[in-house]
Amino acid sequence: MPGSTTLLLATNNITDMSPMPTDLAEAAQCVFNGEQKECEFGLLKDYGAMAMMSGYSHIITIGIFAATLSSALASLVSAPKVFQAVCKDKLFPYIGWFGKGFGSNGEPYRAYGLALFIAAAFVCIAELNAIAPIITNFFLISYTLINYSCFEASLSNSP
């Protein structure tokens, strides 16, 4: 909804929108009526645009925190277990050390340590816009490894 009702970049002056920019490249660079402007608003600059449009902005904030916490906990718990399973299959060299399980349930403490180290490194960076592409690539790599593992297992006819 915000994407269809809010501009990507905007100034605080409504006359800048008359007439509407037809060149998307100019609008993306904050050029209105052939003149470079300072854009402080819009979806690209104002991260609270969705909360500003909603009737209950606190619910948006609570939902963002809940989704972030849920995703973080799921990643910190499930990623080491998936990594342990990939390591136990010994499909990739030099990572078998992380496949060892401890205790009666075979908990992947070494993989938990690796996940903790990676998470701590990202917390130390403390810049979400710099971290997001890196995390996206980690997810893509992990899905690629899982797909390759399934392909290799089906190719070798292992149970």
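Each remark here, short or long, concerns the structure printed above.
This text gives an overview of the structure that appears in the document.

Cut-offs used in this document
- Residues numbered from 1 in each chain as written.
- Predicted model: local features only at pLDDT ≥ 70, side-chain atom pairs only at ≥ 80, totals over all residues.
- Heavy atoms only, no water.
- Helix = DSSP H or I, 4+ residues; strand = E, 2+ residues; numbered from the N terminus.
- Contact = heavy atoms within 4.5 Å.
- Areas by Shrake-Rupley, 256 points an atom, 1.4 Å probe, with all protein chains shown as cover.
- Buried < 20%, exposed > 50% of the residue type's maximum accessible area, 1.4 Å probe, protein only.
- Expected span 1.5 Å × (residues − 1).
- Patch = residues over 30% accessible without salt bridge, like charges linked within 9 Å, V, L, I, M, F, W, Y side chains within 5 Å.
- Salt bridge = Lys/Arg side-chain N within 4 Å of Asp/Glu carboxyl O.
- Polar contact = N/O pair within 3.5 Å; in protein donor to acceptor, adjacent residues only side chain to side chain.

A few words now on the overall build of the protein chain. Looking only at helices and strands, the protein chain has six helices and two strands in total. Helices (α) and strands (β) of the protein chain occur, in sequence order from the N terminus, as α-α-β-β-α-α-α-α. Within the protein chain, residue pairs in contact and separated by at least 24 positions form 45% of the contacts whose partners lie at least 6 positions apart. Accessible surface, the protein chain: about 11600 Å² in total, of which carbon and sulfur atoms supply 67%.

Time to look at unusual backbone geometry. Phi at tyrosine 94 is positive, roughly 75 degrees, even though this residue is not glycine. Position of tyrosine 94 relative to the elements: it lies in the loop between α4 (57-88) and α5 (109-125). Here tyrosine 94 falls in the exposed class, since its relative accessible area comes to 82%. Even without being a glycine, alanine 126 presents a positive backbone phi close to 55 degrees. Mapping alanine 126 onto the fold places it in the loop between α5 and α6 (128-155).

This part is about α6. The terminal C-alpha atoms of α6, which comprises 28 residues, lie 40 Å apart, in line with the 40 Å expected from a rise of 1.5 Å per residue. With its phi angle positive at about 55 degrees, asparagine 157 sits one or two positions after the end of α6.

Here the focus is a nonpolar patch on the surface. There is a patch of nonpolar side chains on the surface, built from Val82, Ile135, Phe139, Tyr143 and Ile146 and spanning about 400 Å² of accessible area. In terms of residue count, α6 provides more of the nonpolar patch than any other element does, four residues in total. Residue position: tyrosine 143 is located in helix α6.

Now for the side chain of glutamine 84. Its place among the elements puts glutamine 84 in helix α4. Given the relative accessible area of 7%, glutamine 84 is considered buried. The contacts of glutamine 84, once residues within four sequence positions are left out, are Phe98, Gly99, Lys100, Gly101, Gly106, Glu107 and Pro108.

Before going further, it helps to spend a moment on the environment of cysteine 87. Here cysteine 87 lies in helix α4. With 10 residues separating them along the chain, cysteine 87 and tryptophan 97 place their C-alpha atoms 7.4 Å apart. Ignoring any residue separated from it by four or fewer positions in sequence, one finds cysteine 87 in contact with Ile95, Gly96, Phe98 and Gly99.

Okay, the pattern of salt bridges next. Taken as a whole and assessed by the stated rule, the structure comprises one salt bridge. A salt bridge links glutamate 107 to lysine 81; the shortest N-O distance between them is 3.3 Å. One end of the pair, glutamate 107, is in the loop between α4 and α5; the other, lysine 81, is in helix α4, with 26 residues separating them in the sequence. Given the relative accessible area of 36%, lysine 81 is considered partly exposed.

Let's shift gears to the side chain of glutamate 107. Looking at glutamate 107, its side chain comes within polar contact range of the side chain of lysine 81, at 3.3 Å. Side-chain polar atoms of glutamate 107 contact the side chain of tyrosine 112, separated by 3.0 Å. If sequence neighbours within four positions are ignored, glutamate 107 has contacts with Lys81, Gln84, Lys100, Gly101, Phe102 and Tyr112.

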